[in-house]
Amino acid sequence: MRIVAIAFMAFTEAVRDRILYSLLAFALAMIGSSIVLVRLSVGGEAKIVKDLGLGAISLVGVLIAVFIGVGLVSREIDRRTIYTIMARPICRAEFILGKFCGLGLTLLVNVAVMTVGLLSLAWLLEGRWSPELLPAVLLAYVELLLLTAAAILFSAFTTPTLSAIFTLSVFVIGRLIGDLRAFAEQFGGAGLRALATGLSYVFPNLARFNISEASVHALPLGTGYIPLALLYGGAYLILFLAAAMAIFARQDLK
Amino acid sequence: MSRRGVLGATLTVAAMIAVVPLSLALERRAPPAEGGVGPAPVLLRASILRPLLLGFHPLAADLYWLRTIQYFGAHLQTDEQIPHLYGLVDLVTSLDPHFIDAYQIGGLFLAIGKRFPEAIAIYEKGIAANPQRWELPYDLGRLYFLDLKDEAQALRWWEVTDRLPGRPHYVPRFMARLYTKTGSLETAFELWNAMYEGSDNEWVRKTAKQEMQKILAQMKAQTAPKAGR
């Protein structure tokens, strides 16, 4: 119940944030701009709308997760409101979990709004609904939750600017790690190959959550890919949040 | 209003008024576009570009596709020289190997530009990446039949098409015609007509219609001397 209260507080705070509205407006404009792009194209019209829509959901979601996520804990410390919260019977782990759930809910609402916009546009163009896009949206949302957890983890021990840089690095490395491994396998020696392979298993491979290409072309995924990817994301979520809770528990807030 | 406020408002209004004349003056002084077709497209290697795009490569493929259409359209209307077209279509299809329209329309663009080996290369690349799609071997067969007059190769690719799911009902008929090697013009007309009826794309339908009109004119020209005799 206490977690729900903190989550609701974090959600209300995020909803009041102007960044959220500007990013949402940007995403909807990006999705809407596909109407213009489609007019310039010969062939591939539906694909352009879907690619642009899924790209906007992912890109804007990452920006929201990073720039609102890094301020969730640090802002409470800066404003000293953390002392009021901690004076109540709330443990620090509940505080972190509540903040995470609050931003998770904010992201859910945003992703839902953008998805409705994308599906409506695809429907206008093709005259049919495109449910094949929903698995891509679901995994994009899991990726955003992971980045939110990473943002909270970094903001538990460093400044908001550094937290934003670290979280964006997690995104870039996470999206690149598969390609880095492929490069090492092609051009590297045995040591580099082993290192790249090891890192690709330890570091969250965010490319696993990007199935937009397969969704847009309605390509089949391997059996049980979605549940496995959800479990994979869930495992990293637990790791990130546990680390954030452990670091935040040791912080001197007195 | 304070003096500072009046100054601020005056400057704002002056800036607003100045924007359009300044824009026009700059436009007059800007360097002319190269031959009215714009600069040559920047072609990067897909193997380098793809990882740098952090998973947004399908979106990059779309943007390069729009650039491809612009490039083809601009050169078709002017110098009819399209040396970068293959590079553009190759880049688009390397960024998104399942972009069927890019293979189909890119191949058609190349064929219109009489760059047949490149058109064949694009179709074959598409067939290798999408072995279950009937559209690409079908289009390649049409290219061999209509443009290269190579009936053996056309037949070979339509045989491939015939084995694929979802292929149109008229493919066996074309094959039968080729087997008997009769009525080339009629078959060509049917091929373009099938393309006209099977495509939702306005540009493709327009092109197919133009080709059908050309064939009809040829048919008339062939029958006219016979009638005159």
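Below is a short write-up of the structure. Predicted, not measured: the structure shown is a model, and the values here were computed from it. (Residues numbered from 1 in each chain as written. Chains lettered and ligands numbered in written order. Predicted model: local features only at pLDDT ≥ 70, side-chain atom pairs only at ≥ 80, totals over all residues. Heavy atoms only, no water.)

Space inside the largest pocket adds up to approximately 1100 Å³. What lines the largest pocket is a set of 35 residues, among which Asp101(B), Gln104(B), Glu135(B), Ser199(B) and Asp200(B) lie closest to the centre. Counting residues per element, the ones that place at least two in the lining of the largest pocket are helix H3 (45–69) and helix H6 (92–126) of chain A together with helix H5 (100–112), helix H7 (135–147), helix H10 (184–198) and helix H11 (202–228) of chain B. It is H5(B) that provides the largest number of residues to the lining of the largest pocket, a total of five residues. Considered class by class, the residues forming the lining of the largest pocket number 14 nonpolar, eight polar and 13 charged. Taken as a whole, the second largest pocket encloses approximately 850 Å³ of empty space. Of all elements in the fold, only helix H3 (57–77), H5, H7, H10 and H11 of chain B reach the threshold of two or more residues within the lining of the second largest pocket. Examining the composition of the lining of the second largest pocket, we find that eight residues originate from one element, H11(B), more than from any other. (1 Å grid on protein atoms, 1.4 Å probe; cavity = no way out; pocket = protein on both sides within 12 Å on 5 of 7 lines; lining within 4 Å. Points joined across faces, edges and corners; volume = space filled by probe spheres on them. Helix = DSSP H or I, 4+ residues; strand = E, 2+ residues; numbered from the N terminus. Nonpolar A, V, L, I, M, F, W, Y, C, P; charged D, E, K, R; others polar.)

Residues and elements named next belong to chain A. Contact geometry of H3 with helix H7 (residues 134–155) gives a least axis separation of 8 Å together with a crossing angle of 20 degrees. Looking at the two axes, H3 sits roughly parallel to H7. At the point where H3 passes H7, the crossing takes the right-handed sense. Of the residues in H7, those in contact with Leu 54, Ile 57, Ser 58, Gly 61, Val 62, Ala 65, Val 66 and Gly 69 of H3 are Ala 136, Val 137, Glu 143, Leu 144, Leu 147, Thr 148, Ala 151, Ile 152 and Ser 155. Residues of the contact of H3 with H7, tallied by class, amount to eleven nonpolar, five polar and one charged. (Axes fitted to C-alpha atoms, helices over the stretch in contact; angles between N-to-C directions. Parallel < 35°, antiparallel > 145°, perpendicular 65-115°, else oblique. Left-handed = near helix turned anticlockwise from the far one by under 90°. Contact = heavy atoms within 4.5 Å.)

Read these as layout, nothing more, since geometry by itself doesn't imply function.
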